[in-house]
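# Survey of secondary and tertiary structure
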Amino acid sequence: MTEPTASAEPPSEPTASAESPSESPSGPPPEPPARRRGRPSRAESAGTRDRILTAARGEFSAHGYDKTSVRQIAKAAGVDSALVHHYFGTKEQVFAAAVEVAFAPALAAPDTLAEGPPDGVGERLARFVFGVWENPTTRAPLLAILRSAVTNETAAAVFRRLVAAQLVRRVAARLDLPDAELRAELAAAQLVGTALMRYVLKLEPLASADVEEIIARVSPVVQKHLTQP
């Protein structure tokens, strides 16, 4: 038997073809592995969400919860309605997200309880809350929330959940008393009710009264609810 002859030449080194994306001067560059084609970047997503929330607060403020639609919010934000549903879901969920963002400045209120002596907690809390309301930047979105909450039960339920979870319970957690949650709710009722009558309903003479006078009159009541037997 004869030995087989090596007639086939050894395979040549692979050459870069014209289809190779790394060598083709005219071909499109490869996409970064961290992103999938057609999906917006994190920064783009954040910007879109912010536009939608800003538009939602404006629409809820101008028209109330009942008369605001997802389509209106999308139009005001300059996006398609499907994108609003993509980021937030239903109108109720859009409202909840808008409420949470708008209410954020007030969520630092419980921290004021630990910033001084216990006998001054009523004034500190009242001053903080009315400071948020007196600031035009933070007042506008809060007005949108309360106007919707007083006219629609769904909006009111969203507002109640946020106040209960983020404000009342956090204040109650700082009170070393057996009925702390009831006390915190009474204090919140005093502050939120006064704000509603002054800034939303604009009842006179409360609406035109000096804010320092309001703080001076409301503080002792809040103090009693939070600390006195």
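This text goes with the structure placed above it.
Bear in mind that the values here come from a model prediction, so they are computed numbers and not experimental data.

### Some words on the packing of helix α6 (residues 136-149) against helix α8 (residues 180-200)
- At a minimum axis separation of 11 Å, α6 and α8 run at an interaxial angle of 105°. The orientation of α6 with respect to α8, classified from their angle, is roughly perpendicular. Facing α6, whose interface residues are Arg139, Leu143, Leu146 and Arg147, α8 presents Leu196, Tyr199 and Val200.
- Its residues assigned to classes, the contact of α6 with α8 shows five nonpolar, no polar and two charged.

### What about the packing of α6 against helix α7 (residues 153-173)?
- Packing of α6 against α7 leaves a shortest axis separation of 7 Å and a crossing angle of 125°. Judged on the interaxial angle alone, α7 and α6 are oblique. Two secondary-structure elements touch here, α6 through Ile145, Leu146, Ser148 and Ala149 and α7 through Ala155, Ala156 and Phe159.

### Concerning the pattern of salt bridges
- Following the criterion strictly, the structure yields six salt bridges and no others.
- Between arginine 160 and glutamate 153 there is a salt bridge, and its shortest N-O distance comes to 2.7 Å.
- Residue arginine 217 is joined to glutamate 213 by a salt bridge in which the shortest nitrogen-to-oxygen separation is 3.3 Å. In this pair, arginine 217 and glutamate 213 both sit in helix α9 (residues 211-227), four residues apart, roughly one turn of the helix.
- Taking relative accessible area as the criterion, glutamate 213 reaches 40% and is therefore assigned partly exposed.

### What about the packing of aromatic side chains?
- In total, this model carries five aromatic pairs according to the counting rule given.
- Ring centres of tryptophan 133 and tyrosine 199 lie 4.9 Å apart, and the angle between their planes is 10°; this geometry places the pair in the stacked category. On the criterion of sequence distance, the pair formed by tryptophan 133 in helix α5 (residues 121-134) and tyrosine 199 in helix α8 is long-range, its members being 66 residues apart. Like tyrosine 199, tryptophan 133 is buried.
- In textbook terms, an aromatic cluster arises when at least three aromatic residues are bridged by ring pairs, as seen for Phe60, Tyr65 and Phe95.
- Above the face of the tyrosine 65 ring, lysine 91 is positioned so that its terminal group lies 4.3 Å from the ring centre.

### A look at the nonpolar core
- The biggest cluster of nonpolar side chains holds 58 residues, and the ones touching the most others in it are Ile52, Phe130, Trp133, Leu191 and Leu226.
- If one sorts the elements of this core by residue count, α7 sits on top with nine residues.

### Comments concerning the environment of tryptophan 133
- Residue tryptophan 133 is classed as buried on the basis of its relative accessible area, which comes to 7%.
- Distance in space between the C-alpha atoms of tryptophan 133 and arginine 198 is 9.8 Å, their sequence separation being 65 residues.
- Discounting residues that sit within four places of it in the chain, tryptophan 133 has contacts with Arg139, Leu142, Leu143, Leu146, Ala195 and Tyr199.

### Focus: the environment of glutamate 92
- If you trace the backbone, glutamate 92 turns up in helix α4 (residues 91-103).
- Exposure remark for glutamate 92: the relative accessible area of 33% places this residue in the partly exposed category.
- Separated by 65 residues in the primary sequence, glutamate 92 and alanine 157 place their C-alpha atoms 10.0 Å from one another.
- In contact with glutamate 92, not counting residues within four places along its chain, are Tyr65, Thr154, Val158 and Arg161.

Reading the values: rules and limits
- Residues numbered from 1 in each chain as written.
- Predicted model: local features only at pLDDT ≥ 70, side-chain atom pairs only at ≥ 80, totals over all residues.
- Heavy atoms only, no water.
- Axes fitted to C-alpha atoms, helices over the stretch in contact; angles between N-to-C directions.
- Helix = DSSP H or I, 4+ residues; strand = E, 2+ residues; numbered from the N terminus.
- Parallel < 35°, antiparallel > 145°, perpendicular 65-115°, else oblique.
- Contact = heavy atoms within 4.5 Å.
- Nonpolar A, V, L, I, M, F, W, Y, C, P; charged D, E, K, R; others polar.
- Salt bridge = Lys/Arg side-chain N within 4 Å of Asp/Glu carboxyl O.
- Buried < 20%, exposed > 50% of the residue type's maximum accessible area, 1.4 Å probe, protein only.
- Phe/Tyr/Trp six-rings, centres within 6.5 Å; stacked < 30°, edge-to-face > 60°.
- Lys NZ or Arg CZ within 6 Å of the ring centre and 35° of its normal.
- Core = buried A, V, L, I, M, F, W, Y, C linked by side-chain atoms within 4.5 Å.

Note that all results are geometric; they support no functional claim without further evidence.
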